[in-house]
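# Fold and contact review
Chain residues, written in single-letter form:
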Amino acid sequence: MHRVRMGGARFAVSAICTRAWAGLPQGDCPRYFSTSLEVMRRFLLLYATQHGQAKAIAEEIREKAVAHGFSADLHCMSETDKYDLKTETAPLVVVVSTTGTGDPPDTARRFVKKINDKTLPVDYFAHLRYGLLGLGDSEYTYFCNGGKVIDRRLQELGARRFYDTGHADDCVGLELVVEPWIDGLWAALAKLFVSSSEGEMSGALTAAPGASRTTDAAKPELIHVESQVELLRLDDPGGKDSEVSEQNGASRGQSSALTADFEPSLTRSVPPLSLASLNIPALPPDYLQVHLQEPVGQKTDFSYQPGDAFNIICPNSDSEVQSLLHRLQLTDQREHHVLLKIKADTKKRGAALPQHIPEKCSLQFILTWCLEIRAIPKKALLRALADCAGDTAERRRLQELSSSQGAADYTRFVRGARASLLDLLLAFPSCQPPLGLLLEHLPKLQPRPYSCARYPSLLAQQILSTYPGTRRSLWSWWAREPASRPSSASCSTGTGSSWPAGDGSLVGPGGDTAQLFCAPCGFWGSGLRSSNFYFKK
Ligand SMILES: Cc1cc2nc3c(=O)[nH]c(=O)nc-3n(C[C@H](O)[C@H](O)[C@H](O)COP(=O)(O)O)c2cc1C
């Protein structure tokens, strides 16, 4: 990279792909994004640190900038002789931590004192466009206050954000906000440069009084980039701060594929949520110790009386169970018996073995007959899964979905989409939960009560041995799979239809329906008055 002067402006020149210019993901470049000699665009990067983290992050930004077609002038905020915001016309990026009791770092004191001067006019920084990343720790009362103080004062003096402010929390891991914030910075910078080069921003990047204009990266082919970059617009609920959100409405919708890339989904969050610090619920204490043991032959037998009611469990679909076993890398152990114990060191109060998981049953049996694997995962499960995700971005997204800040996304992408555990595991491939965690969190597969009457022994036998099970009613299953229909039974499940059978046996929903209606002479019928209503002979 070489530094050159072009028409009074300072540029860094390098051979790069213009796709990187736009801050777009690297990959195959559209034709108009050809590799060529391009001009790198400069921004001013200031940091203020107490213990070195803000500096390290600023250095990371400077390193990454090159690959995106930018050149960062990096300075500590205390080096006031190396930069001058009053005359600066390049975009400003600030990384600042907090120390003491909500104070800016010592290296920012002079800077803060200077901008806090109440005699400064309200348009003192009207020429400035900035993005700010605050570091802090939510254990402290004044979270990220160092950054917030500078952010607020820059606004008061007329500076405008070109990118949403990020607040990274050392308590849960700075990288959860820092990484997405840096990833999004390039698109926002590219947007700003393109907009300013086309003169669309009123007053944006105009030279400050007495200053020479130092950024002019206009290049005709970047018009293409412009329309794409518009789609990378960051959400600004206030609608005032990020001027990127105000521009180029006409180009909206030009690329639905790109729009989709920046729409939130189950696995992807977008600002402001992706930059927010999260109130993540405490991890529920685990309590189950699981052993998988080779099976020993066993036969279950039980007797029943005419008139008994049966709790019929509609088992989970075999293909879903096999997919789940495969995803959990437990296919080879599916026939192993599951032995459960309470962990000796568990912190869960009143921990007890789940009653709905019988002893000495195979893992496959438990996933098929005992656990509702299609239940919509609760936030506690999402929270626990977050800790099992190896990938940082996936962990962050799972944390978001379990946090109060991510409640809307949880409702939309988990509850609204009726996502199941398997859906989540497929969407978050780095998440590898232990079996015990699932046994703790998955609810019981609820049985459906049915009663039967007339020829109870035959019917019951058929229900219990032939009937292959379904999530739907008996009737809808039998209607769909006539071969599995008990040959001597008629059925009335209250789902709207029924059929007669030669001998008038009846299966009814609930614990006593069949006995009630079948008793002396064998009715059959459905719950619908319009068709075969129960009370109609
Ligand atoms: C002595 C001390 C005081 C702190 N006070 C605050 C505070 O008031 N608010 C806050 O959000 N973070 C506070 N933090 C957390 C730091 O801002 C956080 O760890 C940050 O990542 C440090 O970045 P740095 O190494 O660049 O200074 C404090 C940290 C220390 C060590």
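Position numbers for residues count from 1 along each chain, tracking the sequence in the order it is written. Only residues with pLDDT of at least 70 are given local features in this predicted model, and only at 80 or more are side-chain atom pairs given and counted; all residues enter the totals for whole chains, interfaces and linings.

Named according to an unreviewed UniProt entry, the chain is Methionine synthase reductase originating from Pteropus vampyrus.

## Notes on the overall build of the chain
This is how the line gets drawn: Working definition: helices are DSSP H or I runs of at least four residues, strands are E runs of at least two. Numbering for both runs from the N terminus. Exposure is read from a count of other C-beta atoms within 10 Å of each residue's own; the residue is exposed at 12 or fewer, buried at 20 or more and partly exposed in between. C-beta atoms are placed from the backbone. We call two residues in contact whenever the C-beta atoms placed from their backbones are within 7 Å.
When helices and strands are tallied, the chain shows 17 helices and 15 strands. When burial is assessed residue by residue, the chain has 40% of its 537 residues classed as buried. Long-range pairs, those at least 24 residues apart, make up 74% of the contacts in the chain between residues at least 6 apart in sequence.

## Some words on the packing of helix α8 (residues 318-327) against helix α9 (residues 363-370)
In plain terms, the rule: Note on geometry: axes are C-alpha line fits, over the in-contact stretch for helices, and angles between N-to-C directions span 0 to 180 degrees. In these notes the angle categories are as follows: under 35 degrees is roughly parallel, over 145 is roughly antiparallel, 65 to 115 is roughly perpendicular, and the rest is oblique. Rotating anticlockwise by less than a right angle from the far helix to the near helix defines a left-handed crossing, while the corresponding clockwise rotation defines a right-handed one. In the scheme used here, Gly and all other residues not listed as nonpolar or charged are polar, with Ala, Val, Leu, Ile, Met, Phe, Trp, Tyr, Cys and Pro taken as nonpolar and Asp, Glu, Lys and Arg as charged.
Contact pair α8 / α9: the axes reach a minimum separation of 10 Å and the direction vectors enclose 130°. By the angle between their axes, α8 is oblique relative to α9. Handedness of the crossing formed by α8 with α9: right-handed. Across the interface between the two elements, V321, L324 and L325 from α8 touch Q364, L367 and T368 from α9. When its residues are assigned to classes, the contact of α8 with α9 shows four nonpolar, two polar and no charged.

## Structural notes on the site of the ligand
Condition: Note on definitions: a residue is near a molecule or strand provided its C-beta atom, placed from the backbone, lies within 6 Å of it.
As a matter of local geometry, the ligand sits amid 23 residues, with H51, Q53, S97, G136 and Y140 nearest to it. Looking at the shell around the ligand, the elements that each hand over two or more residues are α2 (53-67) and β6 (129-136). In the shell around the ligand, the residues fall into eight nonpolar, 13 polar and two charged.

## Structural notes on the nonpolar core
Counted only if it meets this: By definition, a nonpolar core groups buried Ala, Val, Leu, Ile, Met, Phe, Trp, Tyr and Cys residues that connect through C-beta atoms lying within 7 Å of each other.
Ranked by size, the top nonpolar core spans 55 residues in total, and within it F43, L45, L92, V94, Y130 and L189 carry the most contacts. Secondary-structure elements contributing two or more residues to this core are β3 (35-48), α2, β4 (70-76), β5 (92-96), β6, α4 (145-156) and α5 (175-197). In terms of residue count, the dominant contributor to this core is α5 (14 residues). If we ignore the near neighbours within four places in the chain, the residues touching Y130 are P91, L92, V93, V94, L154, A159, R161 and F162. By size, the runner-up hydrophobic cluster in this structure holds 33 residues, among which are L324, I373, Y410 and L445.

## So, the pairing of β5
Where we set the bar: Following DSSP output, two strands are said to pair if at least two bridges run between them. Here a crossover is taken to be right-handed if, once the strands point away from the viewer, the path from the first strand over the helix to the second is traced clockwise.
Of all five residues making up β5, five are buried, and the element is well covered by its neighbours. Of the two faces of β5, both are covered, the one formed by L92, V94 and V96 as well as the one formed by V93 and V95. Bridging between β5 and β6 involves five bridges; their strand directions are parallel. Counterpart to V94 in the pairing with β6 is L132. Regarding the hand of the β-α-β motif, the stretch spanning β5, helix α3 (residues 109-115) and β6 is right-handed.

## Quick notes on the environment of K379
Within the secondary structure, K379 is located in helix α10 (residues 379-386). Each C-alpha atom of the pair K379 and Y410 lies 8.2 Å from the other, and the pair is 31 residues apart in sequence. Other than its neighbours up to four places away in sequence, K379 contacts P281, S402 and Y410.

## Comments concerning the confidence of the model for the chain
Test applied: Across the chain, each position has a pLDDT score giving the predictor's confidence in that residue, from 0 to 100.
On average, residues of the chain score 71 in pLDDT, and 61% of them reach the 70 mark or higher. Counting contacts from residues 1-38, a segment whose pLDDT is below 50, to residues more than four positions away or on other chains yields 68 contacts. In this model residues 454-505 is a low-confidence stretch, pLDDT under 50, and it forms 95 contacts with partners more than four residues away in sequence or in other chains. ipTM for the predicted complex: 0.99, alongside a pTM of 0.44.

## What about unusual backbone geometry?
For the peptide bond that leads from P271 to P272, omega is 10°, which places it in the cis range. Along the chain, P272 falls in the loop between α7 (256-261) and β9 (288-293). The phi torsion at C144 lies on the positive side, around 55°, for a residue other than glycine. Mapping C144 onto the fold places it in the loop between β6 and α4. Classification of C144 by C-beta neighbours within 10 Å gives buried; the count is 28. For K360, which is not glycine, the phi dihedral falls at a positive 50°. Looking at the element boundaries, K360 is found in the loop between β11 (337-342) and α9. On the basis of neighbour counts, which here come to 12 C-beta atoms within 10 Å, the residue K360 falls in the exposed class.

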